[in-house]
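Chain by chain, the residues run as shown.
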Amino acid sequence: MSYTCTVKNGDLTTEAEATFIVNASNTGLFLGSGVSMVLRNHCGDELQQEMFLLKENLEKDLEQGETVITTAGKSKSFDFILHAAIINYSSGSLGDKFPEIETIETAL
């Protein structure tokens, strides 16, 4: 099976041809500021609720580099969101909070 990936620059909330978008998430799966806040505003609070439920149902803590999928809530622009856990909020330590390039490569 082959896939085609198109990378575009623009407003992700108005992309009419996307099946899914990618959110550079945190291991806690909570929507904060920046792009995450745009997603929360666009997709509705049901997106954050789905993310929290997903995290509760995981058999283990989400680790940096892992990716999970959710619906896009009330978005009419795309159907799904791939949440790539890039920032580590689970350890409580600021030392390993930010990702190494290997983490980003794993998520991709």
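As the structure is a computational prediction, the values presented were derived from the model and not from experiment.

1. Considering the sheet that holds strand E1 (residues 20–26)
At step 1: The sheet built from 3 strands is open, its strands ordered E1-E3-E2 with mixed pairing. Every interior strand has two partners, whereas the edge strands, E1 and strand E2 (67–71), have only one. Pairwise comparison of adjacent strand axes, ignoring direction, gives a mean angle of 30° for this sheet.
At step 2: Pairing geometry for E1 and strand E3 (residues 80–87), over 7 bridges, is parallel. Following the sheet pairing, Asn26 is matched in E3 by Ile87.
At step 3: Strands in contact with helix H2 (residues 45–57) are E1, E2 and E3; relative to E2, the strand with the most contacts, it is inclined by about 135°.

2. Some points on the environment of Phe78
At step 1: Mapping Phe78 onto the fold places it in the loop between E2 and E3.
At step 2: The sequence separation of Phe78 and Leu12 amounts to 66 residues, and the corresponding C-alpha distance is 9.0 Å.
At step 3: Other than its neighbours up to four places away in sequence, Phe78 contacts Leu12, Thr13, Ala18, Thr19, Phe20, Ile21, Leu39, His42, Cys43 and Ala72.

3. Brief notes about the pairing of E3
At step 1: As paired strands, E2 and E3 are joined by 5 bridges and run antiparallel to one another. Bridge pairing links Val68 to His83 in E3.

4. Points about the environment of Asn23
At step 1: Within the element layout of this structure, Asn23 appears in strand E1.
At step 2: Asn23 sits in the buried class, given a relative accessible area of 1%.
At step 3: On a C-alpha basis, the gap between Asn23 and Glu105 in space is 15 Å, while along the polypeptide they are 82 residues apart.
At step 4: With near-sequence residues (within four places) excluded, Asn23 lies in contact with Leu31, Ser36, Leu39, Ile81, Leu82, His83 and Ala84.
At step 5: Among the polar contacts listed, one links the side chain of Asn23 to the side chain of His83, at a separation of 3.1 Å.

Procedures and definitions
Residues numbered from 1 in each chain as written. Predicted model: local features only at pLDDT ≥ 70, side-chain atom pairs only at ≥ 80, totals over all residues. Heavy atoms only, no water. Pairing = 2+ DSSP bridges. Helix = DSSP H or I, 4+ residues; strand = E, 2+ residues; numbered from the N terminus. Axes fitted to C-alpha atoms, helices over the stretch in contact; angles between N-to-C directions. Contact = heavy atoms within 4.5 Å. Buried < 20%, exposed > 50% of the residue type's maximum accessible area, 1.4 Å probe, protein only. Polar contact = N/O pair within 3.5 Å; in protein donor to acceptor, adjacent residues only side chain to side chain.

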